[in-house]
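Residue strings, one per chain:
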Amino acid sequence: MSATDETPAAAGLIDHIYASIRSPENWPNIIRRIGDWLDADIGLMISPSLGATDAIPIVLYGLDGTKIADKLPANIQRAEITSLALNTGRTPGAFLLSELIPRTAQATSHYWKEILAPLGVSSGIIAMVRTPDDEGKPVVIHYYRFKSKP
């Protein structure tokens, strides 16, 4: 996706992401701007640990981290969503949650069982903005909606 292919509002947002993604101190602003634009209920931005890379702390959007704090470290280390996105061969890119974790796979997905189901998530968009080839640290942005919101 390029800024020239989108609306002016989206183009500005995309430019902001590309300009700021290499600076984790800017991530709270990035996740807020995208979440507001998407009208998401909750979201998170993370650089999960893959092999020898160190994880960067999570940035939350509209989410009380204490609800999932005990489950999050293991899920960050597992990097399930990141691995699923990488396996598509279309990264960087954006994916519907149902594309990465179809209903048939939800019963075996740790991330689904331990994070999404307890939060009441019904749908979502996951974007891998940087791949592990980009300085060894992928950056993944998750946005979700609850069952009560279409």
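Scroll up to find the structure this text is about.
Residues numbered from 1 in each chain as written. Predicted model: local features only at pLDDT ≥ 70, side-chain atom pairs only at ≥ 80, totals over all residues. Heavy atoms only, no water.

This next bit is on the packing of aromatic side chains. For the coordinates displayed, the defined rule picks out 1 aromatic pair. On the basis of an interplanar angle of 75° and a centroid distance of 5.9 Å, the ring pair of Y61 and Y143 is categorised as edge-to-face. Placement of the pair is Y61 in strand β2 (residues 56-61) and Y143 in strand β5 (residues 139-146), with a sequence separation of 82 residues. Given a relative accessible area of 13%, Y61 falls into the buried group. Overall, Y143 belongs to the buried group, its relative accessible area being 4%. (Phe/Tyr/Trp six-rings, centres within 6.5 Å; stacked < 30°, edge-to-face > 60°. Helix = DSSP H or I, 4+ residues; strand = E, 2+ residues; numbered from the N terminus. Buried < 20%, exposed > 50% of the residue type's maximum accessible area, 1.4 Å probe, protein only.)

Moving on to the nonpolar core. Ranked by size, the top nonpolar core spans 23 residues in total, and within it L97, Y111, L116 and Y144 carry the most contacts. Residue assignment for this core shows that the elements contributing at least two residues are β1 (42-47), α3 (72-78), α4 (80-87), α5 (97-100), α7 (110-119), β4 (121-130) and β5. If you tally residues by element for this core, the top one is α7, at 5 residues. Excluding residues that lie within four positions of it along the chain, Y144 makes contacts with A40, D41, I42, L97, Y111, L116, V121, S123, G124 and I126. Ranked by size, the runner-up nonpolar core spans 15 residues in total, among them L13, I30, V139 and Y143. (Core = buried A, V, L, I, M, F, W, Y, C linked by side-chain atoms within 4.5 Å. Contact = heavy atoms within 4.5 Å.)

Let us look at the pattern of salt bridges. A complete count under the given rule lists 3 salt bridges for this structure. Among the salt bridges present, the one from D36 reaches R32, with a minimum N-O distance of 3.9 Å. A residue pair is termed a helical-turn pair when its members lie 3 or 4 positions apart in one helix, as D36 and R32 do in helix α2 (residues 27-38) at 4 residues. The exposure class of R32 is partly exposed, given its relative accessible area of 41%. (Salt bridge = Lys/Arg side-chain N within 4 Å of Asp/Glu carboxyl O.)

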